[in-house]
Amino acid sequence: MSTLAASTPQVRYLTARFHVRMALAFVAIAFLGFSPSYWAPIVVGTLQAPPIMHIHGALLFAWTLFYLAQTLWVGTGRTSSHRSWGMAGIALFTLMICSIILLKITVIRLDDANGMGEASRHFAAIAICNLPLMIGLFALAIANVQRPELHKRLMVSLMAGLMIPALARVFLALFAPPGALAGGPPPPFVALPPTLVALLLILVAMLHDW
């Protein structure tokens, strides 16, 4: 028992450090994944997008940075700051989810006007069908704030799922034939490889626990 008690602070430190590193990985994926299709076109001034896309992008990146800040507060022993910002996190997550829905509606309408509405609806269904899972994971994480071990595992699973769009853009940038996206939204099956990578991120956390 004395050996176990002595190792507990070290175990907590290693766990906190792992979650900070996972949060940094999520930030890198979110920013680098959207660089070819969002950040780079903004820099060179070639991006033509509806305002809701910029609002959604700002909320998504803000949420990713907020998650990093939350893990850093826990990792540095400032748990009170982590908890005091909890309501802000709930509000930010809610706004982000609403922005996803509004963005998908806007994109479908624009594609519909260009004769690609059917393909756009098929592709948008991936994100729309994924929303209940994301909301459910977040709700469970909030319901278990008094159980930190479960809370942080649910949040890692949530963050891994939110990385799928960014990972998908990496696959499209690397493997899509030149001009493939000019014909409209990609087919739904392109979401499979980034989903598998997101599951690998969860597997990394599971192996860490083990």
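Coordinates for the structure precede this section.
Below you will find a few notes about this structure.

Definitions and cut-offs
- Residues numbered from 1 in each chain as written.
- Predicted model: local features only at pLDDT ≥ 70, side-chain atom pairs only at ≥ 80, totals over all residues.
- Heavy atoms only, no water.
- Core = buried A, V, L, I, M, F, W, Y, C linked by side-chain atoms within 4.5 Å.
- Buried < 20%, exposed > 50% of the residue type's maximum accessible area, 1.4 Å probe, protein only.
- Helix = DSSP H or I, 4+ residues; strand = E, 2+ residues; numbered from the N terminus.
- Axes fitted to C-alpha atoms, helices over the stretch in contact; angles between N-to-C directions.
- Parallel < 35°, antiparallel > 145°, perpendicular 65-115°, else oblique.
- Left-handed = near helix turned anticlockwise from the far one by under 90°.
- Contact = heavy atoms within 4.5 Å.
- Nonpolar A, V, L, I, M, F, W, Y, C, P; charged D, E, K, R; others polar.
- Phe/Tyr/Trp six-rings, centres within 6.5 Å; stacked < 30°, edge-to-face > 60°.

**Some details on the nonpolar core**
Within the largest apolar cluster, 40 residues are counted, with the highest numbers of intra-cluster contacts made by Phe-26, Trp-63, Leu-158, Leu-162 and Met-163. For this core, the elements supplying multiple residues, two or more each, are helix H1 (2-33), helix H3 (51-75), helix H5 (86-113), helix H6 (117-143), helix H7 (148-162), helix H8 (164-175) and helix H9 (192-209).

**Observations regarding the packing of H3 against H5**
Two elements in contact, H3 and H5, have axes whose closest approach is 9 Å; the angle formed by their N-to-C orientations is 150°. Here H3 is positioned roughly antiparallel relative to H5, judged by the angle of their axes. Regarding H3 and H5, the two cross each other, and that crossing is left-handed. Contacts from Ile-52, Met-53, His-56, Leu-59, Leu-60, Ala-62, Trp-63 and Phe-66 of H3 reach H5 at Ala-88, Gly-89, Leu-92, Phe-93, Leu-95, Met-96, Ser-99, Ile-100, Leu-102, Leu-103 and Thr-106. Each residue belonging to the contact of H3 with H5 can be placed in one class, and the counts come to 15 nonpolar, four polar and no charged.

**Structural notes on the side chain of Ser-81**
Mapped onto the fold, Ser-81 is located in helix H4 (residues 79-84). Not counting residues up to four positions away in its chain, the partners in contact with Ser-81 are Gln-70 and Trp-73.

**Observations concerning the packing of aromatic side chains**
Summed over all chains, the structure comprises 12 aromatic pairs. An angle of 15° between the planes, with centres 4.0 Å apart, marks the rings of Phe-93 and Phe-138 as stacked. Within this pair, whereas Phe-93 is found in helix H5, its partner Phe-138 is found in helix H6, the two being separated by 45 residues in sequence. You'll find Phe-93 and Phe-138 in the same group, each marked buried. Taken together, the ring pairs connect Phe-31, Phe-34, Tyr-38, Trp-39 and Phe-61 into an aromatic cluster.

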